[in-house]
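Examination of the molecular architecture
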Amino acid sequence: MITRQLGSEVRWMLRRPRTLIGLFGLVLVPIVISFGIWTAGEDGGGGPGLSAIIQGNGLVVPIFTLFLSLNLLLPLVASIWAADGLAGEAQHGTLRGLLVAPVSRVRLLFVKLFGLAAMSLFAVTLMAVVGIIAGTAFLGSDGMATLSGTTLSTGEGLVRIALFVVLVTFQMVSVGAVALAVSATTEHPLVVQAATMVTIIVFQVLGQFSSLDWLHPFLITTGFPGLVDVMRDPIPWDQIGDSTLLAGCYLLIGTGLAAIRLVTKDS
Amino acid sequence: MTTSTSAPVTAPAKTAVAARTRGLRKEYGSTVAVDRVDLEVPEGAVLGMLGPNGSGKTTTIRMLLGLVRPTQGEIELLGRPLPDGAEQSLPHVGALVEGPGFHPFLSGRENLVRCAAFEPLLPRKEIKQAVEDAIERVGLAQAAHRRYRGYSLGMKQRLGLAAALLVPRKLVVLDEPTNGLDPAGTREIRRIIADLHAAGSTVVVSSHLLSEVEATCTHVAVLHRGTVVAQGELTELLQAGGSALQVITPDVEKALSALRQAKISARPLGDGLRVELAGTSAPQVIETLVKGEARVFEATRWKTGLEELFARLTEAEEAERGMSAVDTLDGGRR
Ligand SMILES: Nc1ncnc2c1ncn2[C@@H]1O[C@H](COP(=O)(O)OP(=O)(O)OP(=O)(O)O)[C@@H](O)[C@H]1O
Ligand SMILES: [Mg+2]
């Protein structure tokens, strides 16, 4: 029964025109980045950091792409899915149908969270795969140059990309879980998207003020940059661990709040 | 009643009621939507829920289905309390509440398949057939492949009905099912309700079409301002409410004063009077009128239809206020 519900949920998300447009948009990012770096030519690089080492390193493209997207694009997509999942269903009156089927409210939240996670993993993987292909096509690949100055074999590079995909997906799902909590309180999907995006942007702005550094360890956005440590050799795990732990807290709190709200909700 | 649920029967229903509420109350902020609702839906009945706009029909139905938590009161659905027993009872309940709700970008058929995926009583391999049957049953075969976005009001309503009928149900709850349907559609709803009734299902249907209710329902419950003002078997309610006499007389004043003296309630109506037969009888009224020297041209027994009963129950205060000026009973006492 539960597998059937989960399957139905994912199929339903995939059928939505908005999802398809979103996925299409996401796929464009690595292509545009590869193309941009390729046309910028040799004289474009020079500065230190991620974009500098990307020349001639196609395998860095997926990581660079996801790293950039995590700041805005991926949270946006997660918030759209979370918004459609509960608020959107309430708006269309389909939530009632599910509840009288009946799907217990806790089960429903689980189904929604699963759909969000599955689609996030799919989207991030898709971006990574397209990034690998586009990066290799435009920029070539001789293994993966790390931020530590070493070069990894192609196989090792792919493992790093897979790891990054998992880490980024987890961050995205955590943002989505908080968005689900908002989604459980309203019938207007746009409110959910707006609230989520405003929060993400405000967090990033707050992250800029050093006077607020006591606050920074609690902002999920603070954890985003540290994930790029997968590109070091060997991988220093502490920042990645902190970021993931922080995201885990957001996931738990978001899910908890959504559950509390959903269980007592009148629909 | 044998069910396919494997859960042990904890408390068998004492009497055969499909649903029962006790002291139901729902507040939305400071507005009281529903108060002291004791509703009883006998098993196998077709219960019509009547009431003016905002009288609490939809709210009551939502609470019956566990969609809305009552502020106070208890609900028993198919012998199990809500919300704890919802997982056992709700699979046997089909519902169409406050208009159909579907995804605009999916076709009617795809929407039903999605609904079916969440029906606990529907095995996976029967989903396809169940969906086709339901589509057929509501007469939507022509439009099933089209996107829900493009459906007409009546088609949407039919699809909502199809979702409620995906699985054979013990109880079907329909909130204004004929809303937006053409006469043929209305007839079909009537036929579907009759079929359900014949198959032994209990049906709760709210409606504003009194003639529909009169034609299809065995029981009625009338709501007014959030409370049930009358409920029971339709025939009994109509009989109980049917005691009035229409008297045609040119001597309205004389007749009224004569009746007032005899403490019989009456009011002017048309070319004569309408006399309530509560606590009196037709011969007695005629005798009083003749003694009071009012010429009686014609006296007919007032046959109460549902329409009139409904009007009386839901406009009680207004009518009383209007009547008090001429009401013989009140006037005599003063
Ligand atoms: N979600 C809500 N928030 C606030 N008030 C509500 C809500 N739902 C219902 N009400 C109020 O409760 C009362 C009963 O509403 P309800 O929808 O049950 O009426 P109804 O009998 O179904 O009316 P109609 O015939 O128009 O469908 C109304 O006064 C309505 O304003
Ligand atoms: Mg209503």
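**Some points on the overall build of chain B**
For chain B, the helix and strand inventory stands at 13 helices and 15 strands. Within chain B, buried positions represent 50% of all 334 residues. Sequence-distant contacts in chain B: of pairs separated by 6 or more residues, those separated by 24 or more amount to 71%. When the accessible surface of chain B is summed, it comes to about 15700 Å², and 51% of that surface belongs to carbon and sulfur atoms.

**Concerning the confidence of the model for chain A**
Scored by pLDDT, chain A has a mean of 90; 94% of the residues are at 70 or more. Here residues 44-49 of chain A scores under 50 on pLDDT; set against residues more than four positions off or in separate chains, the count is two contacts.

**Details of the side chain of T19 of chain A**
Residue and element names in this part refer to chain A. With respect to the element layout, T19 can be found in helix α2 (residues 17-40). Since its relative accessible area comes to 2%, T19 is described here as buried. For T19, the residues in contact, after removing those within four places along its chain, are M13, W81 and M119.

**Topic: helix α3 (residues 108-117) of chain B**
Along α3 of chain B, the residues classified as buried are G108, N111, L112, R114, A116 and A117 of chain B. Contacts made by the buried residues of α3 of chain B are with α1 (2-15), α4 (73-92), α5 (94-100) and α6 (105-139) of chain A together with α4 (127-137) and α5 (153-164) of chain B.

**Some words on the pattern of salt bridges**
Taken as a whole and judged by the stated rule, the model has 26 salt bridges over all chains. A salt bridge links E98 of chain B to R62 of chain B, with the shortest nitrogen-to-oxygen separation between them at 3.1 Å. You can see E98 of chain B sitting in the loop between β7 (93-96) and α3 and its partner R62 of chain B sitting in helix α1 (residues 57-64), a full 36 residues away along the chain. What makes E98 of chain B partly exposed here is its relative accessible area of 45%. On the basis of relative accessible area, R62 of chain B is assigned to the buried category, the value being 16%. Residues R169 of chain B and E119 of chain B are paired through a salt bridge, measuring 2.9 Å at the closest nitrogen-oxygen approach. Taken as a pair, R169 of chain B in the loop between α5 and β8 (171-175) and E119 of chain B in the loop between α3 and α4 lie far apart in primary sequence, 50 residues in all. Neither residue differs from the other here; R169 of chain B and E119 of chain B are each classed as buried. Each member of the salt-bridge network shares a partner with another, and the members are E9, E89 and K112 of chain A together with R114 of chain B.

Cut-off values and rules
Residues numbered from 1 in each chain as written. Chains lettered and ligands numbered in written order. Predicted model: local features only at pLDDT ≥ 70, side-chain atom pairs only at ≥ 80, totals over all residues. Heavy atoms only, no water. Helix = DSSP H or I, 4+ residues; strand = E, 2+ residues; numbered from the N terminus. Buried < 20%, exposed > 50% of the residue type's maximum accessible area, 1.4 Å probe, protein only. Contact = heavy atoms within 4.5 Å. Areas by Shrake-Rupley, 256 points an atom, 1.4 Å probe, with all protein chains shown as cover. pLDDT = per-residue confidence, 0-100. Salt bridge = Lys/Arg side-chain N within 4 Å of Asp/Glu carboxyl O.

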